[in-house]
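Here are the chains, one letter per residue:
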Amino acid sequence: MPNKPRVGIALFIASVAFLAPVLASAYLAWWESCATEKALSLNNAQDILRRSEETSSQFKDAAQRLTQADLPPCSPQDLKLMRQVDLGSSYMKAVGRVAHDTLLCTSQGVTNPVFLGKPDLVTEHGVSTYFQKNLAAQPSHPLDVIAVGGFAMIVDPNLAFDISTEGPDVELAVFVPSAPNHDLVAAQGQNFLSEWFEPIDPGSQSTILNNGCLVSRVRSAQWDLAVVVATPQSYIYRRVGRFAVFFIPIGVLCGAILCLSVSLLTRMHSSFPTMLRRALKDGSLYVLYQPVVELETRRVIGAEALVRWRSRSADMRPDYFIPQAEQCGMIQLITARVLELVARDLPRFLKIDPEFCVAVNFSAADLSDNRTVDAMEQFLRVSGARPENVEIEATERAFLQSPETAEILDALRAQGFSVAIDDFGTGYSSLSCLQSLSLDTLKIDRTFVETINTDGATSQVVLHIIEMAHSLHLEMVAEGVETEPQAHYLLNHGVRYAQGWHFGRPMDIGHLCEQIHVTAAYEEVACV
Ligand code: G
Ligand code: G
Ligand code: MN
């Protein structure tokens, strides 16, 4: 994919990764605030309804007691009983007797009849309510009179609302759901909307957002009473602010972590070509050399060039970046860089040993491209080396990629380079490779060398490989030799060359030069 859309997509993913948790936390703050405010408002409504129900229940008990006593209305005994009843009920201010819209007497000793006027509200159950009557010594504090069956209850309408609300703007109302106009029994606030009083089922409750208010409604199961509590929506926003202080930083943190991870991942994966191009420019690709020794003399006669990538954080494994480079069609750039580095290093090796041979790993793409032949021509010119100083190493996968490969290999061999089959025996078609291609060297894979002197099922395979190589007149290099008995075994079975940790790990040019010197000196001593 071209670079620009890739950057665009990465930016988009990173922005989503950052914004998603931030938006989620904002939504969570809003959701939490709504839930808290809803719970508060419902709680208030239930509290008011409970008080109203209790008042109704106390009045019902009082009326029952007075009816059962059947005393002459307003007689001394009647007044006495009314006082007793009044004392036992916490929500009623007083009880009394009514007839023809007139309060005849009360438990508080009122004996002069008080005309109440027409009732403000009459329910279908025959309950009449007279609002805001000045009955006693306290004219500034009007009371409601609720009358049924000749008895009256005098209540303070504000008592039901004696609860702590969140603020003065919270509106409260107790109403009669069965009344055609859903008349208010008591209210605190003036901005009620008629739709808030649409009756709900007895014993049920609901909360809605309506006209900028959070409206909670509860209806009594046994009384003809319902309560509305309306809280301004601004209270929710105020709460969101408080929750946001807590949630948003968490969201921003999560967003930042996610965004960072996404950008790291996209840098690691999607922008591999960009990274490789940069690495090729800034010199973070380099080569190490693993010595190849002659088993008989232990002399270092050559080395395999192994590419390395020094990245800012840690070295990147070739097992990762070689297949990636192959996949995105950039492996030839790596081969070109390796050849450039080897061409620069070779003169130093040749100064010590003019026969020294460096093996370079080639990929399928290199072996299907005619330009490789020209590149090798140029390599000889730049390095001043002879073709015998270079071996072209490739796995069977690389050999079998395209029909041109055989021709290109022939051309390279005609130039004088030798060709080795790498990791021999690990693929599916190694044998057909040997038949169809002209090769010089077979590199025995370390999985077979590992089995030497063990009684594993495949421990005999190495012998067959060696036999086959002999019969095809191929030179052999054993890979992954880690112990002296392995080296001994290979030598005894006619393998001339080997590489592996027993002789040396991949090393830089300085160390390899030292090792060439040391082994050359060792051989001279041995010969004397
Ligand atoms: O020693 P190392 O871990 O680098 O080997 C890992 C793999 O990378 C080996 O299979 C080796 O063949 C491969 N490799 C190392 N250098 C090169 C290179 O320059 N070109 C190619 N195509 N493969 C390489
Ligand atoms: O190109 P090739 O696939 O042969 O790459 C050789 C790989 O084997 C490299 O990863 C190199 O580091 C690794 N290697 C070289 N010598 C040894 C050895 O003696 N033992 C093991 N385990 N790995 C080795
Ligand atoms: Mn190799």
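In short, a report on the structure. (Residues numbered from 1 in each chain as written. Chains lettered and ligands numbered in written order. Predicted model: local features only at pLDDT ≥ 70, side-chain atom pairs only at ≥ 80, totals over all residues. Heavy atoms only, no water.)

1. Topic: the state of the cysteines
To be explicit about the condition: Any two cysteine sulfur atoms lying within 2.5 Å of each other are counted as a disulfide. Strands here mean DSSP runs of E at least two residues long; helices mean DSSP runs of H or I at least four residues long; both are numbered from the N terminus. Relative accessible area decides the class of each residue, using a 1.4 Å probe on protein chains only: under 20% of the type maximum gives buried, over 50% gives exposed, and in between gives partly exposed.
Going through the model one piece at a time under the given rule, you end up with one disulfide. A sulfur-sulfur distance of 2.0 Å marks the disulfide that ties Cys74 to Cys105. Taking the torsion about the sulfur-sulfur bond, which here is approximately -90°, the covalent link between Cys74 and Cys105 counts as left-handed. Taken together, the residues span a long stretch of sequence, with Cys74 in the loop between helix H1 (3–69) and helix H2 (76–87) and Cys105 in strand E2 (residues 102–106) at a distance of 31 residues. Overall, the relative accessible area of 27% leaves Cys74 in the partly exposed class. Free of any disulfide, Cys259 has its nearest neighbouring cysteine sulfur in Cys254, separated by 13 Å. Judged by its relative accessible area of 22%, Cys259 is partly exposed. For Cys513, which is in no disulfide, the shortest distance to another cysteine sulfur is to Cys357 and amounts to 15 Å.

2. Regarding the site of ligand 1
Going by this rule: Nearness is judged by heavy atoms alone; a residue qualifies as near a molecule or strand once a single heavy atom is within 4 Å of it. Pairs of N or O atoms within 3.5 Å make up the polar contacts considered here, provided that, within protein, one atom can donate a hydrogen while the other can accept it, and that residues adjacent in sequence are counted only when both atoms are side-chain atoms. Areas reported as accessible are Shrake-Rupley estimates using a 1.4 Å probe. Residue values count occlusion only from the protein chains shown. The definitions used throughout rest on a 1 Å grid laid over the protein atoms alone, on which a cavity is an enclosed set of points accommodating a 1.4 Å probe that cannot get out and a pocket is an open set flanked by protein within 12 Å on both sides along at least five of seven lines; lining residues are those having an atom within 4 Å of a point. What decides whether a molecule sits in a cavity or pocket is whether more than half of its atoms lie within 2 Å of the grid points. Three residue categories are used. Nonpolar comprises Ala, Val, Leu, Ile, Met, Phe, Trp, Tyr, Cys and Pro, charged comprises Asp, Glu, Lys and Arg, and polar comprises the others, including Gly.
Around ligand 1, the structure places Leu306, Val307, Arg308, Arg317, Pro318, Asp319, Ile322, Val338, Asn361 and Ser363. Between ligand 1 and Val307, the relevant distance is 3.0 Å, taken from a nitrogen atom to a main-chain nitrogen or oxygen of the residue. At 3.1 Å, a side-chain N or O of Ser363 approaches a nitrogen atom of ligand 1. Summarising the interface, the protein chains cover 78% of the accessible area of ligand 1, which totals 500 Å² for the free molecule. Mapping ligand 1 onto the cavity grids shows that it belongs to the largest pocket. Sorting the residues of the shell around ligand 1 by element identifies strand E14 (299–309) and helix H5 (318–327) as the ones contributing at least two each. Each residue belonging to the shell around ligand 1 can be placed in one class, and the counts come to five nonpolar, two polar and three charged.

3. Remarks on the site of ligand 2
In the vicinity of ligand 2 lie 13 residues, with Gln290, Arg446, Glu479, Glu482 and Trp501 positioned nearest. Contact distances for ligand 2 include 3.2 Å between an oxygen atom and a side-chain N or O atom of Asp423. Between Arg446 and ligand 2, the recorded distance is 2.6 Å, taken from a side-chain N or O atom to an oxygen atom. When ligand 2 sits alone it has 520 Å² of accessible area, and the protein chains cover 79% of it. A majority-of-atoms criterion places ligand 2 in the largest pocket. Its residues assigned to classes, the shell around ligand 2 shows three nonpolar, four polar and six charged.

4. Topic: the packing of aromatic side chains
The test is simple: Between 30 and 60 degrees the pair is tilted, below 30 it is stacked and above 60 it is edge-to-face, where a pair is any two Phe, Tyr or Trp rings, Trp via its six-membered ring, whose centres lie within 6.5 Å. Put simply, a charge is over a ring when the Lys NZ or the Arg CZ is close to the ring centre, within 6 Å, and near the line of the ring normal, within 35 degrees.
Considering all chains together, one arrives at eight aromatic pairs under this definition. Each ring, one from Phe272 and one from Trp309, has its centre 5.9 Å from the other, and the planes form 55°; the classification is tilted. Placement of Phe272 in helix H4 (residues 272–282) and of Trp309 in strand E14 is noted, with a sequence separation of 37 residues between them. Taking the relative accessible area as the measure of exposure, Trp309 reaches 3% and is therefore buried. Against the face of Tyr286 rests Arg310, its NZ or CZ located 4.5 Å from the ring centre. For the cation-ring pair, Arg505 lies above Trp501, with the distance from its terminal atom to the ring centre recorded as 3.9 Å.

5. Looking at the pairing of strand E6 (residues 143–148)
Applicable threshold: Each pair of strands is called paired provided DSSP finds at least two bridges between the two strands.
Taken across its six residues, E6 has five buried, putting it largely inside the fold. Note: strand E5 (residues 128–133) against E6, four bridges, orientation antiparallel. When the sheet's bridge partners are listed, Thr129 is paired in E6 with Ile146. One ladder, built from five bridges, connects E6 with strand E7 (residues 151–155); its direction is antiparallel. In the sheet register, Ala147 faces E7, and the bridge partner there is Ala152. Two successive antiparallel strands, E6 and E7, enclose a turn made up of two residues, where Gly149 displays a positive phi of approximately 60°.

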